[in-house]
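# Examining the three-dimensional arrangement
The lines below spell out each chain.
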Amino acid sequence: MNDFCDKVISMEFGAALLGAATRFQAMFTAARSADWAEFLADCGKFEQELAKEIRIAKFTLAELEEEEQSLERLRRRHRDLTARDVFGAPEAAEAGRRLKQCAADCENYAEQVFAALHQTPEADR
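This text gives an overview of the structure that appears in the document. (Residues numbered from 1 in each chain as written. Predicted model: local features only at pLDDT ≥ 70, side-chain atom pairs only at ≥ 80, totals over all residues. Heavy atoms only, no water.)

## Considering the overall build of the chain
The cut-off we apply is this: Helix numbers and strand numbers start at the N terminus; a helix is a DSSP run of H or I with at least 4 residues, a strand a run of E with at least 2. Residues are treated as being in contact if the distance between any of their heavy atoms lies within 4.5 Å. Working definition of accessibility: Shrake-Rupley area with a 1.4 Å probe, residue cover restricted to the visible protein chains.
Scanning the chain for helices and strands turns up 3 helices and 0 strands. When the elements of the chain are put in sequence order from the N terminus, they spell out α-α-α. Considering only residue pairs separated by 6 or more positions, the chain has 89% of its internal contacts joining residues 24 or more positions apart. For the chain, the accessible surface area stands at approximately 8600 Å², while carbon and sulfur atoms represent 59% of it.

Next up, the structure:
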């Protein structure tokens, strides 16, 4: 009878432990989801900033350097969040895609900056 009781207690403890682990994973993933949502919002701000600079034709090296620094901050944040997101929050994949788009947008802006800097003024022609 003692062996049977030990097995029942072990099963109950195992079920309780599994339940606690599942709750922990859900809470941890929810926290990472919130982090990813904030990261995605930051990507949106970065994209809006680049669009504004292009709209007003602010094609300067100083502005390009500032945008590249902002992109590097996004990259560092993405690396940090990826390292912490051990259970894989659903927003992580979208965040990776958005970071790649931010990098492509920054590269496009850099090309426009260099093109503007290398234009020959009308008076020099």
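## Section: the pattern of salt bridges
We count it as follows: Only one rule defines a salt bridge in this text: a Lys or Arg side-chain nitrogen within 4 Å of an Asp or Glu carboxyl oxygen. A 1.4 Å probe rolled over the protein chains alone gives each residue an accessible area, and that area as a share of the maximum for its type sets the label: buried under 20%, exposed over 50%, partly exposed in between.
For the structure shown, the criterion picks out 11 salt bridges. With a closest N to O distance of 3.0 Å, Asp42 and Arg77 form a salt bridge. On the criterion of sequence distance, the pair formed by Asp42 in helix H1 (residues 2-55) and Arg77 in helix H2 (residues 61-84) is long-range, its members being 35 residues apart. You can call Asp42 partly exposed: its relative accessible area is 25%.

## Notes on the packing of aromatic side chains
Each aromatic ring pair is specified by the distance between its two centres and by the angle formed by the two planes. The condition that has to hold: Aromatic contacts are taken between Phe, Tyr and Trp rings whose centres are within 6.5 Å, Trp giving its six-membered ring; a plane angle under 30 degrees counts as stacked, one over 60 as edge-to-face, and the others as tilted.
Enumeration over the complete set of coordinates arrives at 5 aromatic pairs. For the pair Phe24 and Phe28, a centre-to-centre distance of 5.9 Å together with 35° between the ring planes defines the contact as tilted. Placement of both Phe24 and Phe28 in helix H1 is noted, with a separation of 4 residues, approximately one turn of the helix. The class of Phe28 is partly exposed, set by a relative accessible area of 22%.

## Quick notes on H2
Our working definition: To estimate the expected span of a helix, subtract one from its residue number and multiply by 1.5 Å.
The terminal C-alpha atoms of H2, which comprises 24 residues, lie 35 Å apart, in line with the 34 Å expected from a rise of 1.5 Å per residue. Within H2 the residues assigned to the buried category are Glu63, Leu64, Glu67, Ser70, Leu71, Leu74, His78 and Leu81.

## What about the side chain of Thr29?
Position of Thr29 among the secondary structure elements: in helix H1. Note on Thr29: relative accessible area 16%, which makes it buried. Discounting residues that sit within four places of it in the chain, Thr29 has contacts with Phe87, Ala89 and Pro90.

## Quick word on a nonpolar patch on the surface
Where we set the bar: Each patch is built from residues lacking any salt bridge and having more than 30% relative accessible area; the joining distance is 9 Å for like charges and 5 Å for nonpolar side chains (Val, Leu, Ile, Met, Phe, Trp, Tyr).
The grouping of Phe24, Val86 and Phe87 at the surface amounts to a nonpolar patch, some 300 Å² of accessible area in total. Tracing the backbone shows Val86 in the loop between H2 and helix H3 (91-117).

## Regarding H3
Compared with an ideal rise of 1.5 Å per residue, which puts 27 residues at 39 Å, H3 spans 39 Å between its outermost C-alpha atoms and is within 8% of the ideal. Taken as a whole, H3 has its buried residues at Ala95, Gly96, Leu99, Cys102, Cys106, Tyr109, Ala110 and Val113.

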